Amino acid sequence: MSPAPPPPTSCRLCRAEVLATDLTCPHCGAPRPARAEFSGEGYEWRTAATWLGAPLIHVAFGMDAEGRPRVARGVIAIGQRARGGVAIGLIATGFVAIGLVAVGLFSIGLVAIAALGALGVNAIAPWAVGVVALGYWAGGLAPLGWHILFGRS
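Below is a short write-up of the structure. None of the values given here were measured: they were computed from a predicted structure. (Residues numbered from 1 in each chain as written. Predicted model: local features only at pLDDT ≥ 70, side-chain atom pairs only at ≥ 80, totals over all residues. Heavy atoms only, no water.)

1. A short note on the sheet that holds strand β7 (residues 72–124)
Part 1: Taken together, the 4 strands give an open sheet; going across it, the order is β3-β6-β7-β8, and neighbouring strands pair in mixed fashion. Only two strands of the sheet have a single neighbouring strand rather than two, namely β3 (41–46) and β8 (127–151). Between one strand and the next, the sheet's axes are offset by a mean angle of 60°, whatever the strand orientation. (Pairing = 2+ DSSP bridges. Helix = DSSP H or I, 4+ residues; strand = E, 2+ residues; numbered from the N terminus. Axes fitted to C-alpha atoms, helices over the stretch in contact; angles between N-to-C directions.)

Written as C-alpha cells, this is what we have:
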C-alpha cells in the first residue's frame, strides 16, 4: 500500500494549486512553489580577503533566491558555473579554466576553447591537443591545423 500523496497547496507567487513536492510551479515557474519563502538552495562560501574587489576564493553551488544557478566569481572560483583567474566548474571561464566546458586563456575540459592553449576531448586554440584538435599547432586523434604536432593526418 503506497502512502497518500500530500494535499495540494497554493504557489507563493501565482497562487495556483501545486503539490508540496513540486520542484517548480507548472504555471509561473517559481522554484519550490509550496514554500512560503525561498532563499535559494545549495552552498556558497567566499574568503573575506579580496583582490581588486573579488574574493580570493569563492565556492558556489545550487540555486539563488530567484531560482538561477549560483555563479562563483573570484581569483579562484569553484562551482557549477565559475568565472575567475582560475575557474573550476561545469562551465568555467577565466585565465585558466578547467571544466566540462572551459573558455579561457588556457583551458582544460571536455570542450576547451582558449586564446593560447587548450587540452581536451574537443580543443580549439592556437595550441590545441585533444581527440579533435583545431589550432595553429594541433595534436590528437583528429588534428586540424597548420602544424600537426602528432596524430593522424
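2. Regarding the side chain of R12
Part 1: Take R12: it is sitting in the loop between β1 (9–10) and β2 (17–18).
Part 2: The buried category is assigned to R12, whose relative accessible area is 17%.
Part 3: Other than its neighbours up to four places away in sequence, R12 contacts P31, R32, P33, R35, A36, E37 and F38. (Buried < 20%, exposed > 50% of the residue type's maximum accessible area, 1.4 Å probe, protein only. Contact = heavy atoms within 4.5 Å.)

3. Looking at the packing of aromatic side chains
Aromatic ring pairs are reported here in terms of the distance separating the ring centres and the angle at which the planes meet.
Part 1: Taken as a whole, this structure holds 2 aromatic pairs when the rule is applied.
Part 2: Taking the centre distance of 6.0 Å and the plane angle of 70° together, the rings of F95 and F106 count as edge-to-face.
Part 3: Looking at F95, the relative accessible area reads 47%, which means it is partly exposed.
Part 4: Here Y136 and W137 contribute two aromatic rings whose centre-to-centre distance is 4.5 Å and whose plane-to-plane angle is 85°, an arrangement assigned as edge-to-face. (Phe/Tyr/Trp six-rings, centres within 6.5 Å; stacked < 30°, edge-to-face > 60°.)

4. So, the side chain of R70
Part 1: Here R70 lies in the loop between β6 (57–63) and β7.
Part 2: The class of R70 is buried, set by a relative accessible area of 16%.
Part 3: A polar atom in the side chain of R70 sits 3.4 Å from the backbone oxygen of E41.
Part 4: At 3.4 Å, the side chain of R70 and the backbone oxygen of F61 are in polar contact. (Polar contact = N/O pair within 3.5 Å; in protein donor to acceptor, adjacent residues only side chain to side chain.)

Everything listed here is a matter of geometry and, on its own, says nothing about what the molecule does.
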